[in-house]
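Fold and contact review
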Amino acid sequence: MINYLYQEQNWQSQLSDLIIDPFELLDQLDISSEQLLSGAILASDTFKLRVPRAFVNKMQKADPFDPLLLQVLPHHLELEDHPEFVTDPLGEEEANQLPGVLHKYQSRFLLTLTGACAVHCRYCFRRHFPYQENLPKNNDWPQIQNYIQQHPLINEVILSGGDPLTLTNHKLKIWIERLESLPQVKILRIHSRVPIVIPNRIDEELLSLLENSRLRIIMVVHSNHAAELDDFTCNQLHKLSLRNVTVFNQAVLLKGVNDSAQTLIELSQRLFDARVMPYYLHVLDKVKGAQHFDLESSKVDSLYKEVLAGLPGYLVPKLVREIAGEKNKTPLFGKLTF
Ligand code: SF4
């Protein structure tokens with residue numbers, strides 16, 4: 001279905017008019033709410049449903065198994081306990097050096113400026129992260145600046161989730177200027193799912209801000225399925241590379257959503273249409289509440305073999321897992337024991 005309203009409505013209005021009621025979501029899609037078991041409503045109490053209407057517009061009506069819907073609709077299985085699935089699967093509380101600063105890797109660190117996201121992805125490894133206690137305030141900048149200067153190997157800062165593109169351009173500009181003032185910082189990386197779920201977020205003001213920065217800008221978007229990448233979204237993404245932003249995609253391998261080689265091949269091809277290079281294909285982080293998205297390691301391995309055979313090398317994302325405490329992501333292909 002195509003609804004041009006979302007191509008014209010500004011991103012701020014879209015962000016303030018999210019669907020947060022599971023019954024409204026199903027109603028919009030002509031799906032019977034009887035399919036929503038009471039456990040799903042409880043799951044939504046602990047991690048709220050949150051989805052932009054522009055993203056819902058890309059879902060198929062009357063299909064309860066739509067791969068985009070499955071990523072956002074609370075599921076009763078989220079409430080089941082599983083010993084391997086925990087609240088902080090990546091040990092991020094350990095790496096939390098200062099409010100907003102997660103320093104896990106040598107040359108780069110994550111700066112979380114907001115706990116808000118435009119969409120709540122049910123598999124998110126940060127779904128239990130205590131953002132409210134960890135956000136830097138304006139007067140925390142001297143401390144962060146000091147931290148960067150005391151770590152001369154840092155040359156890259158990553159703005160990460162919550163989603164930095166839910167912030168205003170004005171606020172982003174303030175932080176970009178702060179980082180630009182430090183000669184050791186050369187690269188700014190922005191991790192965001194907003195360009196996929198509200199493509200209008202890529203507005204002229206943002207493009208100009210990124211294009212005119214002294215920093216080399218990388219945008220890592222997050223798309224898991226080619227159906228997320230309609231023509232309008234691809235055009236919006238293409239604007240980034242036209243303005244000197246290097247654009248990559250990271251995806252998460254999710255049971256029921258993108259666990260077929262053909263789906264992954266189409267995703268890479270569609271990303272390339274938008275001038276976005278496939279970067280990472282993550283296996284699921286074992287976060288509490290996401291166990292129903294998990295895939296057997298043997299299935300992952302055989303899927304990836306098919307993807308390798310079906311795409312030119314430059315369109316094959318690296319299959320990785322993040323392991324708490326490791327100095328880099330761990331490549332997985334061929335390691336059936338992960
Ligand atoms: S941090 Fe990213 S993956 Fe997690 S809910 Fe927000 S947009 Fe989704």
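Residues numbered from 1 in each chain as written. Predicted model: local features only at pLDDT ≥ 70, side-chain atom pairs only at ≥ 80, totals over all residues. Heavy atoms only, no water.

1. Some words on the pattern of salt bridges
Worth spelling out the cut-off: For salt bridges, the criterion is a side-chain nitrogen of Lys or Arg within 4 Å of an Asp or Glu carboxyl oxygen. With a 1.4 Å probe rolled over the protein chains alone, any residue whose accessible area is under 20% of its type maximum counts as buried; one over 50% counts as exposed, and the rest are partly exposed.
Applying the stated rule across the entire model yields 17 salt bridges. Notably, a salt bridge pairs Asp203 with Arg201, separated by 3.7 Å at the nearest N-O pair. Taking relative accessible area as the criterion, Arg201 reaches 0% and is therefore assigned buried. If you follow the salt bridges from partner to partner, you end up with Asp17, Glu24 and Arg53 in one network.

2. Description of the nonpolar core
Definition in use: Nine residue types can take part in a nonpolar core, namely buried Ala, Val, Leu, Ile, Met, Phe, Trp, Tyr and Cys, and a core is a set of them joined through side-chain atoms within 4.5 Å. Each helix is a run of H or I in the DSSP string that is no shorter than four residues. Each strand is a run of E no shorter than two, and both are numbered from the N terminus. Source of the domain bounds: an automatic or database domain assignment. Should any heavy atoms of two residues lie within 4.5 Å, those residues are counted as being in contact.
Membership of the largest hydrophobic core comes to 92 residues, with the highest contact counts inside it found for Leu25 and Val51. Per element, the largest residue contribution to this core is five residues, and it comes from helix 13 (residues 261-273). Residues from two domains meet in this core; each of domain 1 (5-79) and domain 2 (92-331) gives at least three. Look past the residues within four positions of Val51 in its chain and what remains in contact with it is Leu18, Ile19, Leu25, Val56, Met59, Val72, Ala118 and Val119.

3. Comments concerning the layout of surface pockets
Rules: Residues are called lining when one of their atoms sits within 4 Å of a cavity or pocket point, these points coming from a 1 Å grid over the protein atoms alone, where a cavity is a set in which a 1.4 Å probe fits but cannot get out and a pocket is an open set with protein on both sides within 12 Å along at least five of seven lines. Grid points are joined across faces, edges and corners, and a volume is the space filled by probe spheres set on the points. Note on residue categories: nonpolar means Ala, Val, Leu, Ile, Met, Phe, Trp, Tyr, Cys or Pro, charged means Asp, Glu, Lys or Arg, and polar means any other residue, Gly included.
Approximately 1,000 Å³ is the volume found for the largest pocket. Forming the walls of the largest pocket are 46 residues, and the residues nearest its centre are Cys124, Phe125, Arg126, Ser160 and Gly161. Among the elements of the structure, strand 3 (108-111), strand 5 (187-192), helix 10 (194-197), strand 6 (216-222), strand 7 (246-252) and strand 8 (277-282) are those that each provide at least two residues to the lining of the largest pocket. Residues belonging to the lining of the largest pocket are distributed by class as follows: 21 nonpolar, 14 polar and 11 charged. Mapping the lining of the largest pocket onto the domain boundaries places at least three of its residues in each of domain 1 (5-79) and domain 2 (92-331).

4. Digging into the site of the ligand
Test applied: Being near a molecule or strand, for a residue, comes down to having at least one heavy atom within 4 Å of it. Just a note on the criterion: a molecule sits in a pocket or cavity if more than half of its atoms are within 2 Å of the grid points.
Around the ligand, the neighbouring residues are Cys117, Val119, Cys121, Cys124, Arg193 and His222. Under a 2 Å grid-point criterion requiring more than half of the atoms, the pocket assigned to the ligand is the largest pocket. A breakdown of the residues in the shell around the ligand according to their chemical character gives four nonpolar, one polar and one charged.

5. Regarding the environment of Lys173
Examined against the element boundaries, Lys173 turns out to sit in helix 9 (residues 169-180). Considered as a pair, Lys173 and Leu206 are 33 residues apart in the sequence and their alpha carbons are 8.9 Å apart.

6. A look at the environment of Gln7
Secondary-structure assignment places Gln7 in helix 1 (residues 5-8). Linking Gln7 and Glu205, residues 198 residues apart in sequence, is a C-alpha distance of 17 Å.

7. With respect to the domain arrangement of the chain
One frequent convention defines the size of an interface as the accessible area lost when the parts assemble. Applied cut-off: Buried area counts how much accessible surface, traced with a 1.4 Å probe, disappears from two parts once they are put together, with both parts' losses summed.
In terms of domain boundaries, the chain breaks down into domain 1 (5-79) and domain 2 (92-331). Here the C-alpha centre of domain 2 lies 22 Å away from the C-alpha centre of domain 1. Counting residues at the interface gives 29 residues for domain 1 and 35 residues for domain 2. Counting each side, the surface lost to burial between domain 1 and domain 2 is near 2,700 Å², with a carbon and sulfur contribution of 59%. The three residues of domain 1 that bury the most area against domain 2 are Trp11, Phe47 and Gln71, which together make up 31% of that side's buried surface. One can count two salt bridges joining domain 1 with domain 2. The salt bridge involving Glu78 is made with Arg127; its shortest N-O contact spans 2.9 Å. For the side of domain 1 that touches domain 2, the secondary structure elements donating two or more residues are helix 1, helix 2 (11-15), helix 4 (38-46), helix 5 (53-56) and helix 6 (67-72). Here the side of domain 1 that touches domain 2 gets five residues from one element, more than from any other, and that element is helix 6.

8. Structural notes on the pairing of strand 8
Note the following rule: The definition of a right-handed crossover adopted here requires that, viewed with the strands pointing away, the path from the first strand over the helix to the second runs clockwise. Any two strands between which DSSP finds at least two bridges are classified as paired.
Where burial is concerned, most of strand 8 is hidden: five out of the six residues are buried. In the classification by handedness, the crossover that spans strand 7, the intervening helix 13 and the parallel strand 8 is right-handed. Sheet topology note: the strand 8/strand 9 (residues 318-321) ladder contains three bridges and is parallel. In the sheet register, Leu281 faces strand 9, and the bridge partner there is Leu319. For the crossover from strand 8 across helix 14 (residues 297-310) to strand 9, the handedness is right-handed.

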